[in-house]
Amino acid sequence: MTVRLHPIALFLASLLPLSASAEVQLDTPRAGWRQGSDEGAHFIQEVNYPASSVNVAADQAETARIRGLIKGVAKVAEKPARLVVNGISMPLKVQEDGRFDRPFVFPSGSNNVEVRSPDGQQTRRVQFYNQGSGETPAKLRVALSWDSDNTDLDLHLVTPDGGHVWYGERSLANGAAQDVDVTTGYGPEMIASPTPLKGQYLVYVNYFGGGYGDDGNAAVALTTAQITLITEEGTPNEKQESFLVPMRAPGELTLVKRFSYP
């Protein structure tokens, strides 16, 4: 005897693998209004080679953190999740137990954070308003992420007066400073300035180290850097520009962009 399922039952059955594949839980940030604060915000990670998992400080402020869990992540393909912050999309490191934790600098005003499961089927999105704590908002921000794990790329910014911001000199007298330095796949690293000088800027990316597999042995060295330039962040005049640059071997230092401000 042949058993025929009702079309609706067939449709619901087809959805089961998707709903069972992963479930995104976002612990922070939370929706609504909140008061920003730089207290307890740590953005510099310890350096480990081969690069280790994300080293977020245990007392990292919730207002400067993206943290959560993707349940059932082991059932999907071995690739990163996706993080989208205010329109900037980047890979997101997920631990074996499905947890993710990233330090992040949020601008004052309205913010949107979205986390997508590695299989792309499940999404969690949150909208919140970050009330600044008196700090001057960044008028210029450069963000770097990359697409390979166990790898460290470093962001460098040369300012019009010849200043050089990088992990070895994280702040300059002209106001430019490195906000976030992540030493593992997949970033992000950020350099920002609330008072950018007028003139030409140079953006470099250094393939500092990595190219390792999970076993610590050398793996494929090629990684692709994504650089995003943001000006007048959080205002009606905000502009974003993103571009991709292949990085081929550890030790490589590449000039990836020249631009003028304003």
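Residues numbered from 1 in each chain as written. Predicted model: local features only at pLDDT ≥ 70, side-chain atom pairs only at ≥ 80, totals over all residues. Heavy atoms only, no water.

(A) A look at the sheet that holds strand S4 (residues 81-85). With respect to topology, 5 strands assemble into an open sheet ordered S2-S8-S7-S4-S5, the strand pairing being mixed. One side of each edge strand has no neighbouring strand; the edge strands of this open sheet are strand S2 (32-35) and strand S5 (88-92). Recorded for the sheet is a direction-independent mean angle of 25° between the axes of neighbouring strands. Where strand S7 (residues 109-116) and strand S8 (residues 123-131) come together, 8 bridges link them in antiparallel fashion. In the sheet register, glycine 109 faces S8, and the bridge partner there is asparagine 130. (Pairing = 2+ DSSP bridges. Helix = DSSP H or I, 4+ residues; strand = E, 2+ residues; numbered from the N terminus. Axes fitted to C-alpha atoms, helices over the stretch in contact; angles between N-to-C directions.)

(B) Region of interest: the packing of aromatic side chains. Under the definition given, this model contains 5 aromatic pairs. Between tryptophan 166 and tyrosine 167 the ring centres are 5.0 Å apart and the planes differ by 70°, which places this aromatic pair in the edge-to-face class. With a relative accessible area of 27%, tryptophan 166 lands in the partly exposed category. Look at tyrosine 201 and phenylalanine 259: their rings are 5.2 Å apart centre to centre, the planes differ by 10°, and that puts the pair in the stacked class. You can see tyrosine 201 sitting in strand S14 (residues 199-209) and its partner phenylalanine 259 sitting in strand S17 (residues 253-261), a full 58 residues away along the chain. Looking at tyrosine 201, the relative accessible area reads 2%, which means it is buried. If you follow lysine 257 out to its NZ or CZ, it ends over the ring of phenylalanine 243, 5.5 Å from the centre. (Phe/Tyr/Trp six-rings, centres within 6.5 Å; stacked < 30°, edge-to-face > 60°. Buried < 20%, exposed > 50% of the residue type's maximum accessible area, 1.4 Å probe, protein only. Lys NZ or Arg CZ within 6 Å of the ring centre and 35° of its normal.)

(C) Representation of the environment of threonine 63 within the structure. Tracing the backbone shows threonine 63 in the loop between S2 and strand S3 (65-71). C-alpha of threonine 63 to C-alpha of glutamine 35: the two residues are 28 residues apart in sequence and 8.2 Å apart in space.

(D) Structural view of empty space enclosed by the protein. Counted by the stated rule, this structure contains 1 cavity of 30 Å³ or more. As for the largest cavity, its lining consists of Ile88, Met90, Ala143, Leu144, Ser145, Pro188, Gln226 and Thr228. Those elements that provide at least two residues to the lining of the largest cavity are S5, strand S9 (140-146) and strand S15 (223-231). Here the lining of the largest cavity gets 3 residues from one element, more than from any other, and that element is S9. Here the lining of the largest cavity is composed, by residue class, of 5 nonpolar, 3 polar and no charged. (1 Å grid on protein atoms, 1.4 Å probe; cavity = no way out; pocket = protein on both sides within 12 Å on 5 of 7 lines; lining within 4 Å. Points joined across faces, edges and corners; volume = space filled by probe spheres on them. Nonpolar A, V, L, I, M, F, W, Y, C, P; charged D, E, K, R; others polar.)

(E) Quick peek at unusual backbone geometry. Threonine 28 connects to proline 29 through a cis peptide bond whose omega is 5°. Structurally, proline 29 is set in the loop between strand S1 (23-28) and S2. Cis geometry marks the peptide bond from glycine 187 to proline 188, where omega comes out at 10°. Within the secondary structure, proline 188 sits in the loop between strand S12 (177-180) and strand S13 (189-193). Although it is not a glycine, asparagine 86 sits at a positive phi angle of roughly 50°.

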